Amino acid sequence: MNMKIGGINVNYFLMGENAGDEAVVMLHGWGANIELFRNMAEPVSTKYPVIAPDMPGFGETAEPESVWTVDDYTDFIIEFIKNTGFKKVILLGHSFGGRVIIKLVNRKNLPFTVTKLILVDSAGIRPEKTAEQIKKEKIMKLGKKLLSGTPKLLEKMQSMVGSADYKAASAQMKKILINVVNEDLTHLLPEIKQETLLVWGTLDTATPIKDAEKMEELIPNAGLARIEGVGHYSFLENPIVFDAIMESYLEL
């Protein structure tokens, strides 16, 4: 299905459209797309309509023409949900999708009500930098200084020392990635009013389990469900346990 938001043609799916008047909106992580959510969405759609958009720059939705921030993605998702017509939503976000949700629920005067949150291996807490990361940052800063007049060489250097997400991104999405990963949302967590379920793989290295524990501590009404022995894509690596958690929490 397609919907136009701010001049961008957005690809999304809708399952269980006749299931009720409160929808579950699923937001994917960086470098991913809505196809990862289809199996997860099927059991949920027996009780709730499930909507999942490819966010701009991912899947079948075009890249933003300007260099977006997390706030721009938040504005986009607010407008998207508004256009679906649902007045009550449960928000589920994986990784970067969780980062957008944390921003969204801290906005005032939303055109819909957010009743619950499900944050799955969510981003939002700036990780402590390792010695290797500090070294790479120094190389990047030096490279920018020395190679500012030779953009092709600068881009080559950045691709060599950048993360896997950075290396896989287009030139435009690289700029956006730099914007979004450097923003720490820890200060927004105590302001979250919604009941929040945190679902985490205990072996997650992208957003470590200690991030989940910190979120559980700072979000006033949060609970943490650990999935043992899996990493950042906990819902794909152990779908049986993940689906059981969702079934219990959403009373499917």
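Residues numbered from 1 in each chain as written. Predicted model: local features only at pLDDT ≥ 70, side-chain atom pairs only at ≥ 80, totals over all residues. Heavy atoms only, no water.

Novice: I'm lost on unusual backbone geometry in this one. Help?
Specialist: Where the residue is not glycine, phi is negative for most of them; where a peptide bond is considered, it is trans in most cases. Of note, the phi angle at Asn109 is positive, near 55°, even though the residue is not glycine. Within the secondary structure layout, Asn109 lies in the loop between α3 (96–104) and β6 (113–120). On the basis of relative accessible area, Asn109 is assigned to the exposed category, the value being 78%. (Helix = DSSP H or I, 4+ residues; strand = E, 2+ residues; numbered from the N terminus. Buried < 20%, exposed > 50% of the residue type's maximum accessible area, 1.4 Å probe, protein only.)

Novice: Whenever I open this one, the sheet that holds strand β2 (residues 8–15) confuses me. Can you help?
Specialist: In any sheet, the strands associate via hydrogen bonds between backbone groups, in a parallel or an antiparallel arrangement. In spatial order, the strands read β1-β2-β4-β3-β5-β6-β7-β8; together these eight strands make up an open sheet with mixed pairing. Each edge of the open sheet is held by one strand with a lone partner, namely β1 (2–5) and β8 (222–227). When the angles between neighbouring strand axes are averaged without regard to direction, this sheet yields 25°. In the packing of helix α2 (residues 70–84) onto the sheet, contacts are made with β1, β2, β3 (22–27), β4 (50–53) and β5 (88–94), and the angle to β1 comes to roughly 125°. (Pairing = 2+ DSSP bridges. Axes fitted to C-alpha atoms, helices over the stretch in contact; angles between N-to-C directions. Contact = heavy atoms within 4.5 Å.)

Novice: How do you make sense of helix α10 (residues 239–250) when you look at a structure like this?
Specialist: Along an α-helix, residues three or four positions apart point the same way, because every turn accommodates 3.6 residues. With twelve residues, α10 extends 16 Å from end C-alpha to end C-alpha; this agrees with the ideal 16 Å at 1.5 Å per step. Along α10, the positions that sit buried rather than exposed are Phe242, Ile245, Met246, Tyr249 and Leu250. Take α10 and look down its axis: the buried residues cluster within an arc of 110°, on one side only. Of the exposed residues in α10, those oriented more than 90 degrees away from the buried face are Ile240 and Ser248. Looking at the buried side of α10, the elements it contacts are α1 (38–44), β5, β6, β7 (195–201), β8 and α9 (234–237). (Expected span 1.5 Å × (residues − 1). Arc of directions from axis to C-beta.)

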